[in-house]
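Okay, here's what each chain looks like letter by letter:
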Amino acid sequence: MSNDNILSVRPVIPGRLLDLERPRVEALFDKAMETPIVLVIGGAGYGKTHAVYSYLARRDIRTIWIQLSERDNFCDRFWENYTLSMSMISCDSANKLAKQGFPATARQFEQYLSIPMVDIDPSIKYAFVYDDIHLVHDRAVLRFLERSISTPFFNITSILISRRELLLNLTKMHAKGLLGEISETDLRFRREEMDAYFSVQGINASSETLASVYRDTEGWAFAIQLAGLYLKNLSTEGYGIHVLQSNIYRLIESEIMAQISGDLRKFLIKLALISDASPELVRELARLHLRRQGKAASEAEEEKKTGSLLHQIEEIGSLIRFDVYRNVFSMHRLFREYLGEYLDELSKKEKKEVYLAAAGWCACHDLKMDAINYYEKAGDYGSLVTQINMLPLILPGKTVRLLLNLMERIPKGVYSKYTVAYLVHARFLLNEGKLNEARIKIEAIIKTYEALSERKSVCSVLATCYYHLGVISTLLTPISGDYSFLHCFERCHYYQAKWGREIERPKASSVLGAYACRVGSTNPADMERYFSALGAAIPHVSAAVSGCMYGLDDLCRGELEFFRLNLTAAESHLREAMAKARERDQYEIEFRAYFYLMRIGIFLGDVDYILECHRCITGFLEQQQFINRYIYYDIFRSWFYAHIGSCDKVAGWLKKENEDARLNGPIDGLELLVRVKAHMREKNYMAAMYELRKTRSNAGVFVMGKAEVHVLAAVCQYRTGNKSDAYKALEKARLFAEPNGFFMPFAEMGKDIRALATQAARDGAGIPDAFLEKIRNLSSAYAKKFFHVIEYFSAKPDRFSFDRSEGQALSRREQDVLVSLFQGLTQDEIALSISKSVNTVKSVIKRIYEKLGAVNRTDAIRIAMSRGLLEWEGEKQPKPALKNTPPRPLLRKAPEISE
């Protein structure tokens, strides 16, 4: 269509820009224009006006463009502007509106609506564009706009262009799905769109240059245009970030820094020290800044000035914006680099103050890695070492390597001042699989400290050292066959008693590998020796280290009986392990017990039993002290999905080939077995065998693992047609399994083992017939029960989807505030209505957002309505609050079975 359909004052748009088509953005606009209201929100330079203008110019839409400014905060001036725009439709109607004057009352508004109605052609689509609507803050003008754009006309869409969230109350329109949104993220250029823009401009740049431009601009339209102008004027290609920076810096100087106070400028420089900060952290830094400036005489004044400072930040626009998806203030990289040029204006004391505040906040909110980073920058090595020491024992390899490098950067004097730094260093060596190196380091510390008098400070170091040495000894047990961990834990208990304090979590977590029974020998006598040493060690370690390992002996017994197919005995031991573990918060032990109970449920074909196990496992996600809960949850849930063939539900990180996505083999190798199982279900046997070779250093060192790994290898070889190697692997599996009666690995492979055993018997593979007959019968029986499990979960793939969010009940006061939000009341109005302070209302709203999982007011209303907590009809009172989720129950007993 012709650009003549764009009426009123039109924005100035470069002609070549208008020629650029962005199908992705236009598709978003097509969808949004199906609603009566479209919000286009983005910071300065993101091409909001151009995007709207370009879209409307290509569509058969009659457009009335209303350009707003600060002057439109006067009702009379706004009405002149508005009626002038309306004259583009009808001069007669515009004159009538001008004579009527600004419609300040409801009656006047009804009269206003009746005037232009006669000029609206029902066969034409109209768009009313309100550009720069963020500049309007007058309540009367805003009220008119709210009424006007919320009045439904089937062929009119109002497009609101703004740099920030609007002051208009459009909650009801949003909740009804009558509001479309084009965000700053939508407006950002994609790489291919930037390339197309340069092509339209006649710019021929190398792929490397284009990649550099896109990295530097981050899709910011204004920056891309500047880069394009520079590249276009070059006789030879020579793009550099300094060129873009110099132009951007001039824009920042003229449009932002020249308009703000020196106080805000200095605060922004301080914020540049922090990567991304939550609103709470920014508020805390603002308070510190004001106190240092001596500008807050009282608490009330401080709160007021803090709010003012934060409001000024929001006014800056997209260079520093609030990201609702991450709940942080995000600073554009180029703006951060600009501010970084002025860091010398801050004293060392000021920088340290910012870093310490950020570190403290991160530590309080369980952001340990960020806290560690800021403590290092602040030079607070005592807090740094303390924070590192609180990390869980199981960490990804990449994280361990990063922390090892950090420990090597720490000044040597820190180690003598904070002895725990030696232990932390040893722990990371342990995580890296350098067990002997870690053992040597700890033994050296023990030798030094045992030569000193038994002061409490010395005893605390020795107790912790012996605990770590006991853990290392436990990890080496399947390889060494040495049970000296008993001596280590006895000494740990001795020095802990002298110290007079328990060693606390996370060191009090039980380290479990692919199997709980850390035995590598096939000799049944070695299994009993292990149980004897473990049983003697647990009273010492659990007393010294806050319950550590309490219930582990019962878990190991339950695991042993599970692999022996003595399911009644297995369940009894597992229940005892759960009860003990729960008593001392040994989440790893309790979680593993549920894992085996779930596998018992699969063996029995009891879907209710399986569902109950999974419900209990899901309950662990609420246990904040269980630091590795998400890792264990992903592994165990993924094991189940891989086992039943629903590999699309296996956790993404478990599928990755990237080593950084994996845990540390010597400590926890169960994830490798999950990956193997997933590959096998997808019939990707070569990948499965590749992963099996990696189990030699973790799952493959346990006697149970040796049996299970060879069973899996035998099936892989058989399914790839390599029967000879399959029979060899099956025979090895028999030699590892038979002495201890480990037949569960064969049974769990169901029809695969049944087919392999049948073929091996026919071919005379040299494997005892009685053994082949036994595993064939076991796997056949398992396959029949397993079929019903697969059938049940395949029919309804979401059987495991437990919506725990609905268990977050709203209090009576929270319900009242939610209704007030729904009715469009401001925070001040809500405070007045419930006779509470504004700060109290803010706290209540924050709790509502947390319980509903909402990011803002409209999101909270939408979620509340979807759950039936709010209704449109009647008094709009919420339904009764939902009951809280009950604590995870002890699993009911499995039905009695024949051994």
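It should be emphasised that the depicted structure is a prediction, and the values quoted were computed from it without experimental measurement. (Residues numbered from 1 in each chain as written. Predicted model: local features only at pLDDT ≥ 70, side-chain atom pairs only at ≥ 80, totals over all residues. Heavy atoms only, no water.)

As for the overall build of the protein
Defined as follows: Here a helix means four or more residues in a row that DSSP labels H or I, a strand means two or more in a row labelled E, and each is numbered from the N terminus. Only protein chains enter the calculation, and the probe is 1.4 Å; a residue is then buried if its accessible area is under 20% of its type maximum, exposed if over 50%, and partly exposed in between. Residue burial considers only the protein chains on display, and all accessible areas are found by Shrake-Rupley using a 1.4 Å probe.
The number of helices and strands found in the protein is 44 helices and nine strands. Here the protein holds 899 residues, and 53% of them are scored as buried. Just so you have it, the protein exposes about 39200 Å², and 51% of that area is on carbon and sulfur atoms.

Re helix α26 (residues 485-499)
Which entries qualify depends on this criterion: The span you would expect from a helix comes to 1.5 Å times its residue count less one.
For α26, which comprises 15 residues, the first-to-last C-alpha distance of 21 Å matches the rise-based estimate of 21 Å (1.5 Å per residue) to within 8%. Every buried residue of α26 is accounted for by Phe-485, Leu-486, Cys-488, Phe-489, Cys-492, Tyr-495, Gln-496 and Trp-499. Immediately downstream of α26, the backbone of Gly-500 shows phi near 90°, a positive value.

Re the pairing of strand β4 (residues 126-131)
Rule in force here: DSSP-based pairing: two strands are paired if at least 2 bridges between them are found.
The element β4 is extensively covered by neighbouring structure, given that six of its six residues are classed as buried. Going residue by residue along β4, you find Tyr-126, Phe-128 and Tyr-130 tucked away on one face and Ala-127, Val-129 and Asp-131 tucked away on the opposite face as well. Summarising the sheet, strand β3 (residues 62-67) and β4 pair through six bridges and their orientation is parallel. Pairing of Trp-65 across the sheet is with Val-129, part of β4. Here five bridges tie β4 to strand β5 (residues 156-162), and the two strands are oriented parallel to one another. Among the inter-strand pairings, Tyr-130 is bridged to a residue of β5, identified as Leu-160.

What about helix α25 (residues 456-480)?
Taking 1.5 Å of rise per residue, the 25 residues of α25 would be expected to cover 36 Å, and the 34 Å separating its terminal C-alpha atoms lies within 8% of that figure. For α25, a buried count of 21 out of 25 residues is recorded, marking the element as mostly surrounded by other parts of the structure. Directly after α25, the chain includes Gly-481, whose backbone phi takes a positive value near 70°.

Notes on a positive patch on the surface
The following threshold applies: A residue counts toward a patch only above 30% relative accessible area and without a salt bridge, and it is joined to like-charged neighbours within 9 Å or, for Val, Leu, Ile, Met, Phe, Trp and Tyr, to nonpolar neighbours within 5 Å. We count a salt bridge whenever a side-chain nitrogen from Lys or Arg sits within 4 Å of a carboxyl oxygen from Asp or Glu. When charges are counted, neither His nor the chain ends are considered; positive counts come from Lys and Arg and negative counts from Asp and Glu. Where a charge sits is defined by one atom per residue type, namely NZ (Lys), CZ (Arg), CG (Asp) or CD (Glu).
Positive charge collects at one region of the surface, where Lys-683, Lys-751, Arg-754 and Lys-784 lie side by side. Relative to the helices and strands, Lys-784 is located in helix α40 (residues 769-795). Of the residues examined, Lys-784 reaches a relative accessible area of 57% and is grouped as exposed.

Some remarks on the packing of aromatic side chains
Put simply, the rule reads: By convention, a stacked pair of Phe, Tyr or Trp rings (six-membered ring in the case of Trp) has centres within 6.5 Å and planes under 30 degrees apart, an edge-to-face pair has planes over 60 apart, and any other such pair is tilted. Two conditions define a charge located above a ring, namely a distance within 6 Å from the ring centre to NZ of Lys or CZ of Arg, and an angle within 35 degrees of the ring normal.
Counted under the stated rule, the structure contains 53 aromatic pairs. Relative to Phe-102, the ring of Phe-78 lies with its centre 6.3 Å away and its plane at 80°, an arrangement referred to as edge-to-face. Of this pair, Phe-78 sits in helix α4 (residues 75-86) while Phe-102 sits in the loop between α5 (91-100) and α6 (106-117), and the two are 24 residues apart along the sequence. In this structure, Phe-78 and Phe-102 share a single accessibility class: buried. Ring geometry for Tyr-483 versus Phe-485: centroids 6.3 Å apart, planes at 90°, classification edge-to-face. Here Tyr-483 and Phe-485 have matching classes, each one buried. A cation sits over an aromatic face here: Arg-265 above Tyr-342, 4.8 Å from the ring centre.

As for the nonpolar core
Formally: What we call a nonpolar core is a set of buried Ala, Val, Leu, Ile, Met, Phe, Trp, Tyr and Cys residues that are connected through their side-chain atoms within 4.5 Å. In this analysis, two residues are considered to be in contact whenever any of their non-hydrogen atoms come within 4.5 Å of each other.
Judged by nonpolar contacts, the single largest core of 206 residues is most densely connected at Ile-388, Leu-552, Leu-555, Phe-640 and Phe-746. Once residues within four sequence positions are removed from consideration, Leu-555 is found in contact with Leu-512, Ala-516, Leu-574, Ala-577, Ile-589, Arg-592, Ala-593 and Tyr-596. Tyr-112, Phe-144, Leu-160 and Leu-170 belong to the second largest nonpolar core, which has 34 residues in total.

Read these as layout, nothing more, since geometry by itself doesn't imply function.
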